[in-house]
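Single-letter residue listing:
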Amino acid sequence: MNLFIFIFSLAIAFACFWASIKMLKIYYKVKKWDTINARVVSKKIESHFKYSTSRSQYAVRAEYIYHYKGVEYVSKKVYLVELANGQANHLEKTAQSKLNRIKDEMKVSVNPLNPQESVM
């Protein structure tokens, strides 16, 4: 039984370590991107249907428009984790607080190699 607990704990530790390394790589990659202003078109709080029984089921969604090198782009990525096809979930009160921080104009980071890729 102790061996099973050790292996299970080791697997969880490895998964957490791998996820944190992945997020750090994304953070440092995005840090090198160009930062520009974007106009927020819409913002809302959504409930994730697949997390409807969880307390942290709320997501902040925003759609914004930005111009990069004379071309207009539309994006919906708010959090870095969304660049890795993940999602950020919050308690309802926290989601409302984060939604209130999104103003009509926000800074976004734009990938200079692929301007369609951006994050708020």
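Residues numbered from 1 in each chain as written. Predicted model: local features only at pLDDT ≥ 70, side-chain atom pairs only at ≥ 80, totals over all residues. Heavy atoms only, no water.

(A) Broad picture of the overall build of the protein. Looking only at helices and strands, one finds 2 helices and 5 strands in the protein. The linear arrangement of helices and strands in the protein, starting from the amino end, is α-β-β-β-α-β-β. For 120 residues, the compact-globule estimate of 2.2 N^0.38 gives 14 Å, and the C-alpha radius of gyration of the protein, at 18 Å, exceeds that figure by more than 25%. For the protein, the residues scored as buried account for 30% of the 120 residues in total. Considering only contacts within the protein whose residues lie at least 6 apart along the sequence, 65% involve residues at least 24 apart. Here the protein carries 19 positive and 9 negative side-chain charges, and the mean point of each set is 8 Å from the other. (Helix = DSSP H or I, 4+ residues; strand = E, 2+ residues; numbered from the N terminus. Rg over C-alpha atoms; globule rule 2.2 N^0.38 Å. Buried < 20%, exposed > 50% of the residue type's maximum accessible area, 1.4 Å probe, protein only. Contact = heavy atoms within 4.5 Å. Lys, Arg positive; Asp, Glu negative; His and termini not counted. Charge placed at Lys NZ, Arg CZ, Asp CG, Glu CD.)

(B) Region of the structure containing the side chain of Ser118. Secondary-structure assignment places Ser118 in strand E5 (residues 118–119). Ser118 gets classed as buried once you look at its relative accessible area, which sits at 0%. At 3.2 Å, the side chain of Ser118 and the side chain of Tyr64 are in polar contact. Reaching out from Ser118, the side chain makes a polar contact with the side chain of Tyr66 at a distance of 3.4 Å. Sequence-distant contacts of Ser118, defined by excluding residues within four places in its chain, comprise Trp33, Tyr64, Tyr66, Ser75, Lys77, Leu83, Ser109 and Val110. (Polar contact = N/O pair within 3.5 Å; in protein donor to acceptor, adjacent residues only side chain to side chain.)

(C) Quick look at the sheet that holds strand E4 (residues 105–110). The strand order across the open sheet formed by 5 strands is E3-E2-E1-E4-E5, and the pairing between neighbours is antiparallel. In this open sheet, the two strands that pair with only one neighbour each are strand E3 (71–75) and E5. Pairing between strand E2 (residues 58–68) and E3: 5 bridges, direction antiparallel. Pairing of Tyr66 across the sheet is with Tyr73, part of E3. Taken strand by strand, helix H2 (residues 92–101) contacts strand E1 (34–47), E2 and E4, and its axis lies near 15 degrees from that of E2. (Pairing = 2+ DSSP bridges. Axes fitted to C-alpha atoms, helices over the stretch in contact; angles between N-to-C directions.)

Remember, this is a structural readout, not a statement about activity or role.
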